[in-house]
Structure formats: C-alpha cells, structure tokens
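Each chain is listed here by its residues.
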Amino acid sequence: MKVTIVQTDLTWSNPAVNRSHIEQLITSSPSGDLIVLPEMFSTGFATQPEGIAEENDESLKWMCDMAYKKKAAICGSIAIKDANNLYYNRMYFVRPDGTYNEYDKRHLFAFGGENVHYQRGNRRVVIEYQGWHILLQVCYDLRFPVWSRNANDYDAILYVANWPQVRREVWDLLLRTRAVENQCYVVGVNRVGDDATGHYNGGSQVIDPKGKIAGICNDDSEQMMTIDLSLEDLINFKKKFNVLEDRDTFIIN
C-alpha cells in the first residue's frame, strides 16, 4: 500500500480556504492508495471551538469527493459540533466508494484546554483497507501506549497531529517507539506554520516496524511524500521475530 503524507500549513478558522489549498496540493501531484492529512486540517487546532467547529459536514463531504476523484482513501481529523451541541475532535477515514469510519480523540490535550470544550472518545478504532488493518489515533494519543497497544489486531497506526516545534523531539521519539513496541508501521502527519499558540515545523514521517525512518518531510516546508508500505515484509518480520507473542494482557477501563 502506498501512503501519501500531506504536511501543510493551515489558515486559522477558514475551512473553505484550507480545503481549497489542500485540494490543490493533492491534485497537482501523484498520490498513493491512502492520503493522510493533519489534525483539524480545516481549521487549525481550535481548543475553543465555539464559532469555529464545523456543523454542516462540509469537510467530510469534501473528503468523500476527493477520495472518489483520487481513487484513494483520505484520512484526517476535523473539529465538529454534533446535533446535540457537543464538540468532538473527530478523525475520519474515507474510502473511494464513500464509506467511512470515524474515531473521536480519546486523550484530550488538557494542557491546552481541549478537555474543557470537547467530549473525549471511548472507542478504540481499527479499520480495514486493502487487506490492511489500521489503528486510528490523534496527536496527544501518541503519549499513551496502553491505548495504542497492538493486540495483534492491526498492521499500522495513523497519527494525525498539530504538534508544536517546542516538543518536536518527543514527537520523533514516540513515533519510533510506537512502531518498535507494536511491531507495526507508524504514519505520523503534522502541520507546519504558526497559530496563536506557537510554531509547527512538521516532522511528518513514516516509521517501519523495526523503528527505522522510511521517509520524512523537510522541516518547515509544505510537502507531500509517498511511501510504499509492505504487508509481506511485515508478516515475514513477525514470523522471524514475533515480540507480540510475549506481550502482557490487560483490560482498558
């Protein structure tokens, strides 16, 4: 499976402008079977979502349209307000046929106040696509290994993020750690640019199951990169050295 990571700048609280800009990026270059966008790609990271979060599914409809046109799945998260006036940081995985899965961010970034306004998710979501099983995760989830622990039920993790430069070393470290401890591919897609809280310098990358960087975007640059993930290589690696067979078992409350 070929995965295209889209490292882009975001215009604050302007879904139409952000969708248009991302559309230009992904239509102007070849892309893979799966296109991954950053966290809250339509607005920027809005910890206070009143008047900013989407209520009309326009970005989801756009994702469905782009997936159909590109004949590729598209994934990213959106700040949404639902019919009950509740806010969620919701990650969508949209297939070319218009079907989709959703995952609500479990670990809300209390340091930035995200937990004050948003509802946290309570479902761990693993989806199937082109024979792959993929775990969906959002930004701060990266810091919590129990939530992402591989129970031999997935082959890759997708992390979409707005991860600031000031904590960039942690991003790099934890992406590699999650790949090694879970014997899986890890795809991390971050933004670049600035918002009111600070600077983002990217670091979007793909890590292989041995913890090696398969591809990484340039710092502080808008960039698309396509990396070929091999399910056969993953299966063969786990046959030879299956660490997950010796894992501890536990129940998540």
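Calculation rules
- Residues numbered from 1 in each chain as written.
- Predicted model: local features only at pLDDT ≥ 70, side-chain atom pairs only at ≥ 80, totals over all residues.
- Heavy atoms only, no water.
- Core = buried A, V, L, I, M, F, W, Y, C linked by side-chain atoms within 4.5 Å.
- Buried < 20%, exposed > 50% of the residue type's maximum accessible area, 1.4 Å probe, protein only.
- Contact = heavy atoms within 4.5 Å.
- Pairing = 2+ DSSP bridges.
- Helix = DSSP H or I, 4+ residues; strand = E, 2+ residues; numbered from the N terminus.
- Axes fitted to C-alpha atoms, helices over the stretch in contact; angles between N-to-C directions.
- Right-handed = clockwise from strand over helix to strand, strands pointing away.
- Arc of directions from axis to C-beta.

K.L.:
Please explain the nonpolar core as it appears in this structure.
P.N.:
Inside soluble globular proteins, nonpolar side chains tend to come together where they are buried. One finds Leu34, Phe93, Ile134, Leu136 and Leu158 to be the most contacted residues of the largest nonpolar core, which totals 45 residues. Once residues lying within four places of it in the same chain are set aside, the contact partners of Leu34 are Met1, Lys2, Val3, Thr4, Ala72, Ala73, Ile74, Cys75, Phe93, Tyr129, Ile134 and Leu158. With 19 residues, the next largest nonpolar core counts Leu37, Leu60, Ala72 and Tyr88 among its residues.

K.L.:
I would appreciate a short explanation of the sheet that holds strand S6 (residues 126-129) in the present structure.
P.N.:
What links the strands of a sheet is backbone hydrogen bonding, and the strands pair in either a parallel or an antiparallel sense. What the six strands build is an open sheet, ordered S6-S7-S8-S9-S12-S13; its pairing is mixed. Single-partner strands in this sheet number two, and they are S6 and strand S13 (213-216). Within this sheet the neighbouring strands show an average axis-to-axis angle of 20°, counted without direction. Note that strand S7 (residues 132-138) and strand S8 (residues 156-160) share five bridges and pair parallel. Bridge pairing in S8 links Leu136 to Leu158.

K.L.:
Just to check I follow, could you spell out unusual backbone geometry for this structure?
P.N.:
Only a minority of non-glycine residues have a phi that is not negative, and only a minority of peptide bonds are not trans. The phi torsion at Gln130 lies on the positive side, around 50°, for a residue other than glycine. Its location among the elements puts Gln130 in the loop between S6 and S7. Non-glycine residue Asn152 carries a positive phi angle of around 60°. Along the chain, Asn152 turns up in the loop between S7 and S8.

K.L.:
Can you walk me through the pairing of strand S1 (residues 2-7) in this structure?
P.N.:
Strand residues, when the strand is regular, have side chains that alternate between the two faces of the sheet. The buried fraction of S1 is high, at five of six residues. As judged from the six bridges shared by S1 and strand S14 (residues 223-228), these two strands associate in the antiparallel manner. Within S14, the residue paired with Val6 across the bridge is Met224. Alignment of S1 against strand S2 (residues 34-36), held across three bridges, turns out to be parallel. Residue pairing in the sheet places Val3 in a bridge with Leu34 of S2. In terms of handedness, the path from S1 via helix H1 (residues 15-27) over to S2 forms a crossover that is right-handed.

K.L.:
Before we go on, may I ask you to explain the sheet that holds strand S4 (residues 87-94) in this structure?
P.N.:
Strand order in this open sheet of six strands is S5-S4-S3-S2-S1-S14, and the pairing throughout is mixed. With partners counted over all chains shown, the strands left at the sheet margins are strand S5 (100-104) and S14, one partner each. Neighbour-to-neighbour, the strand axes of the sheet open up by a mean angle of 25°, direction not taken into account. In this structure, S4 lies alongside S5, joined through five bridges in antiparallel fashion. In the strand pairing of S5, Met91 is matched with Tyr103.

K.L.:
Sorry if this is basic, but what is going on with helix H5 (residues 231-240) here?
P.N.:
Buried within H5 we find Leu234, Phe237 and Lys238. Buried residues of H5 fall within an arc of 95° about the axis and therefore sit on the same side. In H5, the exposed positions angled more than 90 degrees off the buried face are occupied by Glu232, Lys239 and Lys240. Next to the buried residues of H5 lie strand S9 (185-189).

Note that all results are geometric; they support no functional claim without further evidence.
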